[in-house]
Amino acid sequence: MTNENLDFFFTPRSVVLVGASNREGSMGYVFMENIIRAGYEGEIFPINPNEDEVFGLKAYKDVTDVPGEVDLAVVLVPADSAPNVMNKCGEKGVKGAVVISSGFAEAGESGIRLQNELVESSNRFGVRVLGPNCFGLYNCNIGLNASLALGTPERGGSISLVTQSGAYGMAIYTFALDHSMKFAKIIAPGNKCDLQDYELLDYLGRDHESGVICILAETISKGREFFETAKEVAPKKPVIVLKTGRTEGSKRAALSHTASLAGNLEAYRAAFRQSGIIEVRNGLEMIDLAKALDFQPLPAGKRVGIVTNSGGTGVELTDMLEEAGLSVPELSAQAQGSLKEFLPAYASPKNPIDVTTLWRKFPELYSRSIAALFESPDIDIVMPILLQRSAMMKEVSEAVRDTVIRYQREKGIRKPVYVCWVSTRDHLKNTEILQSAGIPCFEWPERSARVAGHAARYAERLQELKSRNPAPARVIDKKRDAKIESIIKGVREDGRTYVLEPEVKEILSLYGIRVTEERVSTSLDEAVAAAHDIGYPVVLKVVSADVVHKSDSGGVEVGIKDDAQLREAYERIEKSVLKNLPSARIKGILVQEMSKGKEVIIGSVKDPCFGQLMLFGMGGIFVEAFRDITYRLAPLAAFDAREMIEEIKGYPVLAGSRGQRGVDLEALTDTLIKVSSFLTDFPEVTTMDLNPVFVSETDTVVADGRMFIEERA
Ligand code: ADP
Ligand code: MG
């Protein structure tokens, strides 16, 4: 958390516009027009060396000529003069600068140089910079439009939006206005040369005017800090993220679009899930969900009650809801009884409640059915379907609105209402009756069900996250760390980044992780002696810096029961490894205890953006065939480790099912946490692969370990 006050960006007392212009159609003109029209009440100082006045306001030659203090500068000048403007802003003591100009890091070599100059200058003077290459910002509630987008926003909004893509974000914003949605702050951070995503999230998290935070991002900068901030913010208010650039094709499009290093999608997803962020798939879904969460309270559960004038639509909506993890339960006999009092005899009172085609009575039928759903203790979410005739009749929308208001505001029943709307364009205007009263409408069952699913899952996630304890505090153990560092030093001195199995095991055991009992032998006699010490059956494995996948080259022999078998296996390994990899240098043969249990995998990759990302899943053939794997960012709290275990499809196999006893889940949880502590303490680990780890009723033991480290510490 930064806790830095960024108010000077959002509620500046004065703004200079560097590059303001009277020339119609120019950027300097658009910005002047925007900032004046939107009704900003602070002082505005146009900067233009060739004009006496811009838009009737006295113009200044330079930022330094402006009288009084300046909070915010909006910089519109070409990229190559921006660093100089930044110097002037610094001299003037400007607190924040929004650099709209493009031609920086997104434009290749020379642009990167200019961006570095810009950052150097802003750092020197302590000017915070939003951008460059951005659309600007809005504080709708004070009429501050320091952006390229047209329009005067309505005040009183509580949705805030951070959008990496300026044009798309602004399109989303204007589209949302059509749906009676109102915004608080909109920020297009552009190249994020200074002000980072996590700082904006932190600011909006503390901002009382921002009730719902939306983030549209191709890449998230400073992923680790973002993750830490999100853990604070997301449990307090909904944070909806649309992460685009998820596929190979779109990554290419994104790369030419923004100039930042993308992390891996699994790392993003882990960060979102672990912090409570809601991930949506596209812009439309983001708008829908922001509307639902801004307009309506959160559901207390997943049970939906539907009222419809089309049985078929009710069936489709039920399908979509149940596919989204919600339920549409049959109403109690008592509730059905009271519905029968006013529904036509042939109508279904079960849920969905079908009001049939008795359209003259629609206002009353909808109103009383919705009332029954509010009163039913078996329902958490109320979803009226308004389709064709019921959507056409504005009396129906009015009746729905009045009933919802009566129950939510007057009777204080906080069940959310999401209206599923199906009509022609002509009658869409009736949605305004509902939406202007804060009752959101969504076109078609698909969109309605998605929103309900997200809202219910988020509400549930908040409860789960409440029970979460923080990850264990880092334990500094100098002796342990010194030993590990010397092992790592040895690896590097050997010219390797590949840490061999016995080395990995030694490191892990220093973290209190149980590994197989084993010894490296350099002769057959040593191997026999080791096997006697360990006790048959044993496993033999090749130890070689040139062999990464040991069994692929015939380097693993399991289930060796006696000296005779050991001799044969020993020779077989030497022969087949050298046959497969003639130049392999064999350091020795590992004699290892034979483990029993179910095979799982624990692994990690170091993400460039988010840091250590852990994975867990069923091992053996399951890894490749089913990709039954889940991810979390290290360090893990016990809660995260438990979730990882419970999340995989193979969980019932571990927990015990169909007469099979379950494995020791406590020991497995503990192993995951300890591995995560090691990864957190040793960020030089680039990837790790513990596969298999054998888990049984009594034990969790690491039977194979492979690790890579960075070349230099
Ligand atoms: P690699 O992954 O380099 O091919 P492993 O050490 O994972 O080599 O060995 C290959 C397979 O042999 C494992 O997936 C596992 O099924 C089995 N195996 C390895 N070590 C043991 C052990 N100590 N006890 C039982 N089975 C083992
Ligand atoms: Mg293995």
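Residues numbered from 1 in each chain as written. Chains lettered and ligands numbered in written order. Predicted model: local features only at pLDDT ≥ 70, side-chain atom pairs only at ≥ 80, totals over all residues. Heavy atoms only, no water.

Student: So what exactly am I meant to see when it comes to the packing of aromatic side chains here?
Tutor: Describing an aromatic ring pair means giving the distance of the ring centres and the angle of the ring planes. Enumeration over the complete set of coordinates arrives at 15 aromatic pairs. A ring pair is formed by Tyr-498 and Phe-708, whose centres lie 5.3 Å apart and whose planes are at 25°; its orientation type is stacked. Residue Tyr-498 is located in strand β20 (residues 498–499), and its partner Phe-708 is located in strand β30 (residues 706–709); the two are separated by 210 residues in the primary sequence. Residue class for Tyr-498 comes out buried when judged on its relative accessible area of 7%. By relative accessible area, Phe-708 is classed as partly exposed at 25%. The ring of Phe-442 has Lys-291 sitting right over it, with the charged end atom 4.8 Å from the ring centre. (Phe/Tyr/Trp six-rings, centres within 6.5 Å; stacked < 30°, edge-to-face > 60°. Helix = DSSP H or I, 4+ residues; strand = E, 2+ residues; numbered from the N terminus. Buried < 20%, exposed > 50% of the residue type's maximum accessible area, 1.4 Å probe, protein only. Lys NZ or Arg CZ within 6 Å of the ring centre and 35° of its normal.)

Student: Any chance you could explain the pairing of strand β28 (residues 685–695) here in plain terms?
Tutor: Two faces, one strand: in a regular strand the side chains alternate between the faces of the sheet. Where burial is concerned, most of β28 is hidden: eight out of the 11 residues are buried. The pairing of β28 with β30 spans four bridges and is classified as antiparallel. Its bridge partner being in β30, Met-688 is matched across the sheet by Met-707. When β28 meets strand β29 (residues 700–702), the two strands line up antiparallel, connected through three bridges. Across the sheet, the residue bridging to Val-695 is Thr-700, located in β29. Between β28 and β29, which pair antiparallel one after the other, the connecting turn spans four residues. (Pairing = 2+ DSSP bridges.)

Student: I keep staring at helix α11 (residues 311–323) and nothing clicks. Help me out?
Tutor: Residues spaced three or four apart along an α-helix point in a common direction, a consequence of the helix completing one turn every 3.6 residues. Given a rise of 1.5 Å per residue, 13 residues ought to cover 18 Å, and the 18 Å separating the end C-alpha atoms of α11 matches this to within 8%. Looking only at α11, the buried set comprises Thr-313, Gly-314, Leu-317, Thr-318 and Leu-321. Relative to the axis of α11, the buried residues are bounded by an arc of 140° and lie together on one face. α11 presents Gly-312, Val-315 and Glu-323 as exposed residues on the side facing more than 90 degrees away from its buried surface. If you follow the buried residues of α11, they end up packed against β15 (304–308), β17 (381–387), β18 (419–422) and α17 (444–466). Looking one or two places after α11, you find Gly-325, whose phi comes out positive at around 95°. (Expected span 1.5 Å × (residues − 1). Arc of directions from axis to C-beta. Contact = heavy atoms within 4.5 Å.)

Student: Before we go on, may I ask you to explain the pattern of salt bridges in this structure?
Tutor: As a working rule, side chains carrying opposite charge can pair if their charged atoms are close by. Considering all chains together, one arrives at 54 salt bridges under this definition. The residue Glu-501 makes a salt bridge to Lys-550 at a minimum N-O spacing of 3.1 Å. With Glu-501 in helix α19 (residues 501–510) and Lys-550 in the loop between β22 (538–544) and β23 (556–560), this pair connects stretches of sequence that are 49 residues apart. With respect to class, Glu-501 is no different from Lys-550; both count as buried. Linked by salt bridges that have partners in common, Arg-273, Arg-461, Glu-464, Arg-632, Glu-643 and Glu-647 make up one network. (Salt bridge = Lys/Arg side-chain N within 4 Å of Asp/Glu carboxyl O.)

Student: I would appreciate a short explanation of the site of ligand 1 in the present structure.
Tutor: The immediate surroundings of ligand 1 are formed by 20 residues, with Lys-541, Lys-550, Ser-551, Gln-592 and Ser-595 found nearest. Within the contact set of ligand 1, an oxygen atom lies 2.9 Å away from a backbone nitrogen or oxygen of Lys-550. Within the contact set of ligand 1, an oxygen atom lies 2.5 Å away from a side-chain nitrogen or oxygen of Ser-551. Broken down by secondary-structure element, the contributors of at least two residues to the shell around ligand 1 are β22, β23, β24 (586–593) and β28. Here the element with the most residues in the shell around ligand 1 is β28; it accounts for three residues. Taken together, the residues of the shell around ligand 1 sort by class into eight nonpolar, six polar and six charged. (Near = heavy atom within 4 Å. Polar contact = N/O pair within 3.5 Å; in protein donor to acceptor, adjacent residues only side chain to side chain. Nonpolar A, V, L, I, M, F, W, Y, C, P; charged D, E, K, R; others polar.)

Student: Looking at this structure, I do not really get the nonpolar core. What am I missing?
Tutor: As a rule of thumb, soluble globular proteins bury nonpolar side chains together. Membership of the largest hydrophobic core comes to 59 residues, with the highest contact counts inside it found for Phe-9, Leu-17, Ile-215 and Val-239. Discounting chain neighbours no more than four positions away, the residues touching Phe-9 are Leu-72, Gly-96, Ala-97, Val-98, Arg-128, Val-129, Leu-130, Leu-137, Leu-144 and Leu-195. Core analysis: the next-biggest nonpolar cluster, separate from the first, contains 47 residues, Ala-149, Leu-216, Leu-293 and Cys-420 among them. (Core = buried A, V, L, I, M, F, W, Y, C linked by side-chain atoms within 4.5 Å.)

Student: Please explain the coordination of the magnesium ion (ligand 2) as it appears in this structure.
Tutor: By definition of the ideal shapes, four donors in a tetrahedron about a metal sit 109.5 degrees apart, and six donors in an octahedron sit 90 or 180 degrees apart. Around the magnesium ion (ligand 2), the protein contributes the donor atoms Asn-691 (O) and Asp-704 (OD), at 2.1 Å from the metal centre. Pair noted here: Asn-691 is in strand β28 and Asp-704 is in the loop between β29 and β30, with a separation of 13 residues, a long-range link. On the accessibility criterion, Asp-704 (8% relative accessible area) is buried. (Donors = N, O, S within 2.8 Å, 3.2 Å for Na, K, Ca; no water.)

Student: I would appreciate a short explanation of the sheet that holds strand β21 (residues 518–521) in the present structure.
Tutor: Pairing between sheet strands relies on hydrogen bonds along the backbone, with the strands arranged either parallel or antiparallel. What the four strands build is an open sheet, ordered β21-β24-β22-β23; its pairing is antiparallel. The open sheet terminates on both sides in strands that have one partner only, identified here as β21 and β23. Looking at each pair of strands side by side, their axes are set apart by 25° on average, direction ignored. Here β22 runs beside β23; their pairing, made up of three bridges, is antiparallel. Across the sheet, the residue bridging to Lys-541 is Val-556, located in β23. (Axes fitted to C-alpha atoms, helices over the stretch in contact; angles between N-to-C directions.)

Student: Would you mind going over the sheet that holds strand β10 (residues 159–163) with me for this structure?
Tutor: Within the open sheet, the seven strands sit side by side as β9-β8-β11-β10-β12-β13-β14. Their pairing is mixed. The open sheet has two edge strands with one neighbour each: β9 (144–147) and β14 (278–280). Here the strands of the sheet are splayed against their neighbours by 15° on average, with no regard to which way each runs. Each of β8 (136–139), β9, β10, β11 (183–188) and β12 (212–217) touches helix α5 (residues 166–177); the most contacted strand, β11, lies at about 165° to it.

Student: Help me understand the pairing of strand β25 (residues 598–607) in this model?
Tutor: Two strands pair when backbone bridges link them, and β25 and β28 are joined in this way by seven bridges, in the antiparallel orientation. In the strand pairing of β28, Glu-599 is matched with Phe-694. Relative to strand β26 (residues 611–618), β25 runs antiparallel, the two sharing eight bridges. Looking across to β26, one finds that Ser-604 is bridged to Met-614. Between β25 and β26, which pair antiparallel one after the other, the connecting turn spans three residues.

Student: I would appreciate a short explanation of a negative patch on the surface in the present structure.
Tutor: Together, Glu-316, Asp-319, Glu-322 and Glu-323 line one region of the surface with negative charge. A relative accessible area of 64% places Glu-323 in the exposed class. (Patch = residues over 30% accessible without salt bridge, like charges linked within 9 Å, V, L, I, M, F, W, Y side chains within 5 Å. Areas by Shrake-Rupley, 256 points an atom, 1.4 Å probe, with all protein chains shown as cover. Lys, Arg positive; Asp, Glu negative; His and termini not counted. Charge placed at Lys NZ, Arg CZ, Asp CG, Glu CD.)

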